[in-house]
Amino acid sequence: MAAPVTERQYQGKVHEHSRRLMSDWMGRLSRAEAEGQPTGAIMISGNCVEILLACHVLPMFPEVTALQNAIRHKSLPLILKAEQAGYSSDNCAYVKADIGLFLDGGMGPGKPMPFPTITVCNYVGCNVYVKWFEHLADLSGSKLFMLDVPFARTAGEPTQADVQYVVGQLKELIALCEGITGKKFDIDYLREILAHSARAEEGYARSKALCKAHPAPFDAYFDAINMMGPINVLRGTKEAAEFFDVAVAEFEELVAQKLGPLSEERFRMVVEGPPPYPYYRNFRNLFAKWGAVGVASTYSMVGGIWEWGFRHDPRRPLESIAEQMLRENLTNRSITSRYQQIKRYVEEWEADALVIHSIKSCRLFSAGQGDMRDYFTRELGVLTLLVESDLEDPRYYAEAQLRNRIDAFFEALEHKKVVRAAERQGAGAPALEATR
Amino acid sequence: MTPDQILEQCRDLSSQPLGAVAERWKATHPGGRVVAAYPVWAPAEIIHAAGMLPLALLGGGTSVELTHADARFQSFVCSVAKSSLELGFQGIVKGVDGFVFSNICDVARNLSSIWKRNFPDAFIDYLHLPQNSTSPGVPIYAANELRRLATAFEQAFGLNVTEPALAKSIEIYNALRARLRALYAFRIAEPQKLSTPELYVALRAATCVPPEEAIGWLDALLAGLPLRDARPRDRLRVVVEGAFCEQPPLGLLEVLEEAGCYVVEDDLLLGWRWFTSDVATDGDPFDRLGAAYVNQAVPSSTRHEGREHRSTGLIEKVRRSKAQAVIFTPAKFCEPALFDYVLMKQGLERAGIPHMIVEFEEKMWTFERTRNEIETFVESMLFD
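Counting from 1, residues in each chain are numbered in the order their sequence is written. Just so you know, chain letters begin at A and ligand numbers begin at 1, following the order they were written in. Only residues with pLDDT of 70 or above have their local features reported here, since the model is predicted, and side-chain atom pairs are shown and tallied only from 80 upward, although totals for entire chains, interfaces and linings are computed over all residues.

**Side note on the overall build of chain A**
Okay, so step 1: Starting at the N terminus, helices and strands are each numbered in turn, a helix being any DSSP run of H or I of at least four residues and a strand any DSSP run of E of at least two. Secondary structure assignment for chain A yields 16 helices and eight strands.
Okay, so step 2: Radius of gyration means the value over C-alpha atoms here, while the globule rule gives 2.2 Å times the residue count to the 0.38 power. What you see for chain A is a C-alpha radius of gyration of 22 Å, in line with the 22 Å of a compact globule of 436 residues.
Okay, so step 3: With the C-alpha coordinates of chain A rotated into their principal frame, the extents come out at 75 × 50 × 40 Å.
Okay, so step 4: Classification of the 436 residues of chain A by burial places 55% in the buried group.
Okay, so step 5: Contact definition: two residues whose C-beta atoms, as placed from backbone geometry, lie within 7 Å. In chain A, 77% of the contacts between residues at least 6 apart in sequence involve partners at least 24 apart. Here the C-beta atoms are placed from the backbone, and a residue counts as buried if at least 20 other C-beta atoms lie within 10 Å of its own, exposed if 12 or fewer do, and partly exposed otherwise.

Pasting the structure below:
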């Protein structure tokens, strides 16, 4: 019988460093109102955080607030508050947790989370973003700037016309921020910020590429969350760029030592979809016990797809920000283009299986994932598991059902592996006890 | 023909499968092409100007059982997306050469590319309609997006959209929309002479034929309706809001009125009545149509309007139609309608306008609970 898989209890520099940087940022946010620091709400996917930084506006991310409340098991009371106010049980629970935070007295003047001075809706494919920020602007009274980013809808994009359309809006946003802060925009400062961004992007891409190693040095789904803060929230800062220098060095060392996050990497999986934050650890354990490691994931690239080489370019500051918003992020692309992204992950990261975590809240991610499963199983022959819960609402997480499905999937996968190994050796299938 | 005869024809026409509607038109237009638009708005004018027949892809209603599409889309996805895809799997849209989708919601967005993957021979285009309504570059962007669609038609079907042809099509659709506005105005004035199920079938039938044909019988209908003999009843005048994409079953519309309401305004098939006034036909017609999308659009949950609060358009609709209340009718799982419900209801409450909410699904077939709820609401208002 195979030895049980254990976690290496890896809490390296990356985890600690990320926690410290994010805590510092949260601290600045909580002091912003008292210090007269203008804040700008913005969304994670395809964001233009560099513009806010260059305009001396402290970025705040309602998605991050919502996920932090979920991971701390605080989301349900907030969701219920929002539902009492009229939000449907079928609305995105991220939004409800955010609105619930306000209704619960956790956001607003004199509260731990300030109101944004400006609400910048970077509309990159997600229609819920539009609704969310309409509601946030409505309750906070902040100015709403709707930054319309054309969806990636034809080959050969982004077109120059689309880039210029977005650049025009970025210039308007800059003027708006100048009016709020009273500070003149400096294009050279933006170039400096973008140089930090490019360095962080390079480091993140390198980190993800290191997961091609066997074993992968970290779990590119569950551990990637430590890097998603620095790459999406803190991108453009010197601290984020340096964070990835540290991360890459640590991961390279782990690769050299052939160490992964588990005692044994039995299965390499690509994971699609956001995680169930209210039960993050439980969900992870369901895979860890099978020795299954996420070697690549789509969610970790939700803010920007850096793996295929795109970098912000300080020589073309506004244009490269526009290009990233238009094309180089997950949400502004079609679901079927995500199939191609996943296909590359499966092939280049040498994965055994695809796991789709389908969440009710985010239809952008999930609507149609049955078709995705059909494509990978029938057309590509990739073993695929689809399970459902939610990223924010704990009521949709049914652990017993999830465990049954995950166990059945990996049992089958292990059996196939053993049979294949036996076939390669020219022998018959071994006894099932060897499969655990 | 009498209004009853016209409406009977409309009922028959609007209940036919989309593919049959397309094939019937093609029988008299050899070599013709048909393009259907998924809700909410698509530029039918451009489809028409290319010499094609524009139709509406509105799901399967109660006519199809899901046998394939529910394996593609999960249980928490709205019915109209699934049943529309099912129409493709079951060959019910055979005869329709192309489909146009747009960024109304996340589900429609994904449906567009999933449709393309499953039916690679069909022409599919996804329009990105602007959500920014105020920046100077937006009308130009919108016009260019319409030009891109015209070019895509030319590449796919070899059908050119010339500027004169588009200007002419805009004129024709202006005329169609004027008739529809007149029908809506008539219902506001004399709701006892035109029920909402009747208005709905007339409107829906207008999406199944060339606009020139619809204009003919809409004129006859407008001429005949005032002559109907009907006594006003003591009913609650209501605005119905939220059914702009998935189509409510006729039974639900009937129950709304049977339970004691006159529906005097609604957002049914909103995309086919999209402009508040005629689109200008002078100058570049692409520019005109693009600018109209930005500046002359009716309030819609699928479009962000930066110049007014989300509830303003609804309140204006209530005032204009002299309604006494609003009945929200979001389709189950419809995020745009369900999100807007909150801001709209807050606005209504500030304005002192009563409201209630009734969710529906296109496959809904029993209405007794809804009837009870509406009757109670109506009684609470009428006998207050």
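**Topic: the pairing of strand E1 (residues 34-37) of chain B**
Consecutive residues of a regular strand have side chains that alternate between opposite faces of the sheet.
All names here are of chain B.
Okay, so step 1: Residues Val34 and Ala36 of E1 are buried on one face, and the alternating residues Val35 and Ala37, pointing to the opposite face, are buried as well.
Okay, so step 2: Bridging between E1 and strand E2 (residues 53-56) involves four bridges; their strand directions are parallel. Bridged to Ala37 within E2 is Ala56.
Okay, so step 3: Seen with its strands pointing away from the viewer, a crossover is right-handed when the path leading from the first strand over the helix to the second is clockwise. Between the parallel elements E1 and E2, the chain passes through helix H3 (residues 44-49) in a crossover that is right-handed. Two strands pair if DSSP finds at least two bridges between them.

**Here's the deal with the interface of chain B and chain A**
Okay, so step 1: Residue-level contacts link 37 residues of chain B with 44 residues of chain A.
Okay, so step 2: Elements that contribute at least two residues to the side of chain B that touches chain A include exactly helix H5 (106-118), helix H6 (138-157) and helix H13 (335-351) of chain B.
Okay, so step 3: Residues that form the side of chain B that touches chain A fall into these classes: 18 nonpolar, 12 polar and seven charged. Under this grouping Gly is polar, as are all residues other than the nonpolar Ala, Val, Leu, Ile, Met, Phe, Trp, Tyr, Cys and Pro and the charged Asp, Glu, Lys and Arg.

**Some details on the confidence of the model for chain A**
Okay, so step 1: Looking at chain A as a whole, its pLDDT mean stands at 95, while 97% of the residues score no less than 70.
Okay, so step 2: As a per-residue measure, pLDDT reflects the predictor's confidence and takes values from 0 up to 100. Segment residues 429-436 of chain A: pLDDT under 50, and 13 contacts once partners within four positions in sequence are set aside and those in other chains are kept.

**Examining the sheet that holds strand E1 (residues 39-41) of chain A**
Residue and element names in this part refer to chain A.
Okay, so step 1: Taken in spatial order, the four strands make up an open sheet running E2-E1-E3-E4, and their pairing is parallel. Here the strands that pair on one side only, and so sit at the sheet edges, are strand E2 (58-60) and strand E4 (143-148). Neighbour to neighbour, the strand axes of the sheet diverge by 25 degrees on average, direction disregarded.
Okay, so step 2: Strand direction decides the pairing type here: strand E3 (residues 118-123) and E4, joined by six bridges, are parallel. In the sheet register, Cys121 faces E4, and the bridge partner there is Met146. Between the N-to-C directions of two axes lies an angle of 0 to 180 degrees, each axis being a line fitted to C-alpha atoms and, for a helix, fitted only over the stretch in contact.

**A look at the packing of helix H10 (residues 250-258) of chain B against helix H14 (residues 368-382) of chain B**
All names here are of chain B.
Okay, so step 1: The geometry of H10 relative to H14 is characterised by a closest axis approach of 9 Å and an angle of 30 degrees between their N-to-C directions. With respect to each other, H10 and H14 are oriented roughly parallel. In terms of crossing hand, the pair formed by H10 and H14 is right-handed. Taking contact as the criterion, the partners of Leu252, Val255, Leu256 and Glu258 in H10 are, on H14, Thr370, Arg371 and Ile374. Angles below 35 degrees are treated as roughly parallel, those above 145 as roughly antiparallel, those between 65 and 115 as roughly perpendicular, and all remaining angles as oblique. Whether a crossing is left-handed or right-handed is set by the direction in which the near helix is turned from the far one by less than a right angle, anticlockwise for left-handed and clockwise for right-handed.

**A look at helix H1 (residues 13-35) of chain A**
Residues and elements named next belong to chain A.
Okay, so step 1: For a helix, the expected span equals 1.5 Å multiplied by the residue count minus one. If you check H1, its first and last C-alpha atoms are 31 Å apart, about what 23 residues at 1.5 Å a residue would give, namely 33 Å.
Okay, so step 2: Note that the bend at a residue is defined as the angle between axes fitted to the seven residues ending at it and the seven residues starting at it. The sharpest bend along H1 reaches about 25 degrees and sits at Leu29.
Okay, so step 3: Among the residues of H1, Val14, His17, Ser18, Trp25, Leu29 and Ala32 are the ones counted as buried.
Okay, so step 4: The inward-facing, buried residues of H1 contact E1, E2, helix H9 (225-233) and helix H10 (238-256).

**Let's talk about helix H8 (residues 196-206) of chain B**
Residues and elements named next belong to chain B.
Okay, so step 1: Within H8, 10 of the 11 residues are buried, leaving the element largely enclosed by the surrounding structure.
Okay, so step 2: Of the positions making up H8, those classed as buried are Thr196, Glu198, Leu199, Tyr200, Val201, Ala202, Leu203, Arg204, Ala205 and Ala206.
Okay, so step 3: Where H8 is buried, its residues contact helix H1 (3-14), helix H7 (163-189), helix H9 (211-224), H10 and strand E6 (261-266).

**Description of the environment of Phe123 of chain B**
Residue and element names in this part refer to chain B.
Okay, so step 1: Position of Phe123 among the secondary structure elements: in strand E4 (residues 123-127).
Okay, so step 2: By the C-beta count within 10 Å, which is 18 here, Phe123 ends up partly exposed.
Okay, so step 3: A sequence separation of 24 residues divides Phe123 from Phe99, and the C-alpha atoms of the two residues are 6.2 Å apart.
Okay, so step 4: Once residues within four sequence positions are removed from consideration, Phe123 is found in contact with Asp97, Gly98 and Ala156.

**Here's the deal with the sheet that holds strand E8 (residues 383-389) of chain A**
Residues and elements named next belong to chain A.
Okay, so step 1: An order of E6-E5-E7-E8 is seen for the four strands of this open sheet, with the pairing classed as parallel. Of all strands in the sheet, those with a lone pairing partner are strand E6 (292-297) and E8, marking the two edges. If you compare each strand with its neighbour and ignore which way they point, the axes differ by 30 degrees on average.
Okay, so step 2: As paired strands, strand E5 (residues 267-272) and E6 are joined by five bridges and run parallel to one another. Looking at E6, one finds that Val270 is bridged to Ala296.
Okay, so step 3: Across the sheet, helix H16 (residues 399-424) lies against E5, E6, strand E7 (353-359) and E8, angled at about 175 degrees from E8, the strand it touches most.

**What to know about the packing of H1 of chain B against H8 of chain B**
All names here are of chain B.
Okay, so step 1: Interaxial distance between H1 and H8 falls to 8 Å at its minimum, and their mutual angle equals 60 degrees. The pairing of H1 with H8 is recorded here as oblique in orientation. Regarding H1 and H8, the two cross each other, and that crossing is left-handed. Across from Leu7, Cys10, Arg11, Leu13 and Ser14 in H1, the residues of H8 making contact are Glu198, Val201, Ala202, Arg204 and Ala205.
Okay, so step 2: In terms of residue class, the contact of H1 with H8 is built from six nonpolar, one polar and three charged.

**Re the nonpolar core**
Nonpolar side chains tend toward joint burial in soluble globular proteins.
Okay, so step 1: Defined on buried residues, the nonpolar core groups Ala, Val, Leu, Ile, Met, Phe, Trp, Tyr and Cys residues joined through C-beta atoms within 7 Å. Met269 and Val270 of chain A are the most contacted members of the largest nonpolar core, which totals 264 residues.
Okay, so step 2: With eight residues, H6 of chain B is the largest single contributor of residues to this core.
Okay, so step 3: Setting aside anything within four residues of it in sequence, one finds Met269 of chain A in contact with Ala292, Val293, Gly294, Val295, Ala351, Asp352, Ala353, Leu354 and Val355 of chain A.

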